[in-house]
Amino acid sequence: MKSKVYTYFICFVGALGGLLFGYDWVVIGGAKPFYEAYFGISGSASDQGLAMTIALIGCMVGAMTVGWLADRIGRKKLLAISSIIFLLSSLATGAVNTFNTFLIARFFGGMGIGLASGLSPMYIAEIAPADIRGRMVSLNQMMIVIGILAAQIVNWLIAQPVPAGITEEVIAETWNGQMAWRWMFWVPMIPSVMFLIFCFFIPESPRWLNLRQKREGKSDNSDATQGKSQGNMSSLSGYSSILLLGIFIAVFQQWCGTNVIFNYAQEIFQQAGYEIGDVLFNIVITGIANVVFTLIAIRTVDKIGRKPLMMLGAGGLCIIYTLLGACYYMHVTGVGVIALVVLAIGCYAMTLGPCTWVLISEIFPDNVRSLGVAICTFALWAGSSTLTYTFPFLNHSLGSYGTFWIYSAVCAVGFIVFSTRLKETKGKSLE
């Protein structure tokens, strides 16, 4: 019993990276109308897109280095380093006074996200027993959505009510424009410190220790060779089909379109007829739905399996986005649009959200896992960057209805690929 409790504690600490990842990733959505007014970029689509995307570029940099660093210094030390990056970037983002320094701080925050997003599920997968591995890796997704909800609640509580029709110049001189967005970025400093402290009480991954022993020649020669291949691109040559599938899964999780709801909730809900004050409340509703349906995923991922849930997510979103696009096309506003948005988030949260991280942490064998996960995580954030940066342009040129219909078509492709190419990993050992 004591051993089981300790295992849960270890996985919880590993998943704290997911909490910070979720908060830092979404907090910008609530801060967006206020820092845009402060920096005077509301009229520039390119500056708006850059402010939303720069952290995702940092995510790609973090994801590119996570595999090499995780093998070089170990999983535990890298978790601690990512907590320090989150702490310093949060402090800096809320303290800046120019747009360029804001971008730099957000870039480093993105690096922390990139490290944590690849490292946390990999560490948990290597620690957790096979029979509960899906549930434990999904705990990381649970912490991500809790972080998302925390950011949404913090944004809603910190921001003062905004009167309808208020101009950007007026917002820039209010509490919201001067200080609210800063506090939104400062809040995660508290869990960052907790994460750093807890990192001193968890063990190193036994699989990394085993690989290090092999590299140091403490095993037989064939095993040592295997160990030395860890982290080399050539070591993935025999797993090209698995790597391509992992990349597709990772990119699809972003290109399915759900994450623009979090990053561009302001535009989506305003186009549905809501004022900015109501938008922040509606965002909290989506966050609650995200948490509730992720709880369902944690209970089902080791029972139903990964493949059925991925197919359900892709097929369900295809239908929901078709209906949501029709609502925008016919100028339907109000609670009906909110219901479809919440349904889309729920469908994603119980399927594609957690299952993606479970799959990319499971499909690679020990000797290439860190590199495979790093490549897939990089691909995921590359997909997220393109999704986030292109949404304002798609929304402007095609309208919300055309944009969601494109996402619907992408989901249809995903359903076909998952039904024909994805194999079940439930209950199988990592080896």
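Here goes a summary of the coordinates provided. (Residues numbered from 1 in each chain as written. Predicted model: local features only at pLDDT ≥ 70, side-chain atom pairs only at ≥ 80, totals over all residues. Heavy atoms only, no water.)

## Some points on the overall build of the chain
For clarity, the cut-off: Secondary structure follows DSSP: runs of H or I at least 4 residues long count as helices, runs of E at least 2 residues long count as strands, and numbering of each begins at the N terminus. Relative accessibility decides the category of a residue: with a 1.4 Å probe and only protein chains considered, values under 20% of the type maximum give buried, values over 50% give exposed, and everything between is partly exposed. Any two residues whose heavy atoms approach within 4.5 Å are treated as being in contact. We get accessible surface area from the Shrake-Rupley algorithm with a probe of 1.4 Å; when it comes to residues, only the shown protein chains can shield them.
Along its length, the chain carries 18 helices and 0 strands. Scored against the burial criterion, the 431 residues of the chain give a buried share of 60%. Intrachain contacts of the chain at a sequence separation of at least 6 include 85% that bridge at least 24 residues. A total accessible area of about 16400 Å² is found for the chain, and carbon and sulfur atoms account for 69% of it.

## A closer look at the packing of helix H3 (residues 75–95) against helix H7 (residues 175–186)
To keep it simple, the criterion reads: Between N-to-C directions, angles cover 0 to 180 degrees, with each direction set by a line fitted to C-alpha atoms, over the stretch in contact for helices. Angles below 35 degrees are treated as roughly parallel, those above 145 as roughly antiparallel, those between 65 and 115 as roughly perpendicular, and all remaining angles as oblique.
Packing of H3 against H7 brings their axes to within 8 Å, and their N-to-C directions diverge by 180°. Overall, the two elements H3 and H7 adopt an arrangement that is roughly antiparallel. Within the contact between the two elements, H3 uses Ser 90, Leu 91, Thr 93, Gly 94 and Ala 95 and H7 uses Trp 181, Arg 182, Phe 185 and Trp 186.

## Regarding unusual backbone geometry
A positive phi is found at His 331, a non-glycine position, where the angle reads about 60°. Mapped onto the fold, His 331 is located in the loop between helix H15 (306–329) and helix H16 (335–349).

## Focus: the packing of helix H4 (residues 99–127) against helix H5 (residues 133–158)
Here is the rule we go by: Each helix crossing is assigned a hand: it is left-handed if the near helix lies turned anticlockwise from the far helix by less than a right angle, otherwise right-handed if that turn is clockwise. Gly counts as polar in this scheme, as do all residues outside two lists: the nonpolar Ala, Val, Leu, Ile, Met, Phe, Trp, Tyr, Cys and Pro, and the charged Asp, Glu, Lys and Arg.
The geometry of H4 relative to H5 is characterised by a closest axis approach of 9 Å and an angle of 155° between their N-to-C directions. Viewed along their axes, H4 and H5 adopt a mutual orientation that is roughly antiparallel. In this structure, H4 crosses over H5, and the sense of that crossing is right-handed. Contact residues: H4 offers Ser 120, Pro 121, Ile 124 and Ala 125, while H5 offers Arg 133, Met 136, Val 137 and Asn 140. In the contact of H4 with H5, the residues fall into 5 nonpolar, 2 polar and 1 charged.

## Overview of the side chain of Gln 254
Here is the rule: For this analysis, a polar contact is any N or O atom pair within 3.5 Å, provided that within protein one partner can donate a hydrogen and the other can accept it, and provided that sequence-adjacent residues contribute only side-chain to side-chain pairs.
Turning to its location among the elements, Gln 254 is positioned in helix H11 (residues 240–255). Polar side-chain contacts of Gln 254 include one of 2.9 Å to the side chain of Gln 253. A distance of 3.0 Å separates the side chain of Gln 254 from the side chain of Ser 384, its partner in a polar contact. Among residues more than four places away in sequence, those in contact with Gln 254 are Trp 25, Asn 259, Leu 380, Gly 383, Ser 384 and Leu 387.

## Description of the packing of aromatic side chains
So the rule is basically this: Aromatic rings from Phe, Tyr and Trp, taking only the six-membered ring of Trp, are treated as a pair when their centres fall within 6.5 Å; an angle between ring planes under 30 degrees marks them as stacked, one over 60 as edge-to-face, and anything in between as tilted. The criterion for a charge sitting over a ring is simple: Lys NZ or Arg CZ within 6 Å of the ring centre, and within 35 degrees of the ring normal.
All told, the structure shown has 26 aromatic pairs when counted by the stated rule. For the pair Tyr 329 and Trp 405, a centre-to-centre distance of 5.8 Å together with 40° between the ring planes defines the contact as tilted. Remark: Trp 405 occurs in helix H18 (residues 369–421) and Tyr 329 occurs in helix H15; sequence separation between them is 76 residues. Three or more aromatic residues link up through ring pairs in this structure, and these residues are Tyr 35, Tyr 38, Phe 39, Phe 99, Phe 102, Trp 181 and Phe 185. The ring of Tyr 38 carries the charged tip of Arg 182 above its face, separated from the ring centre by 5.1 Å.

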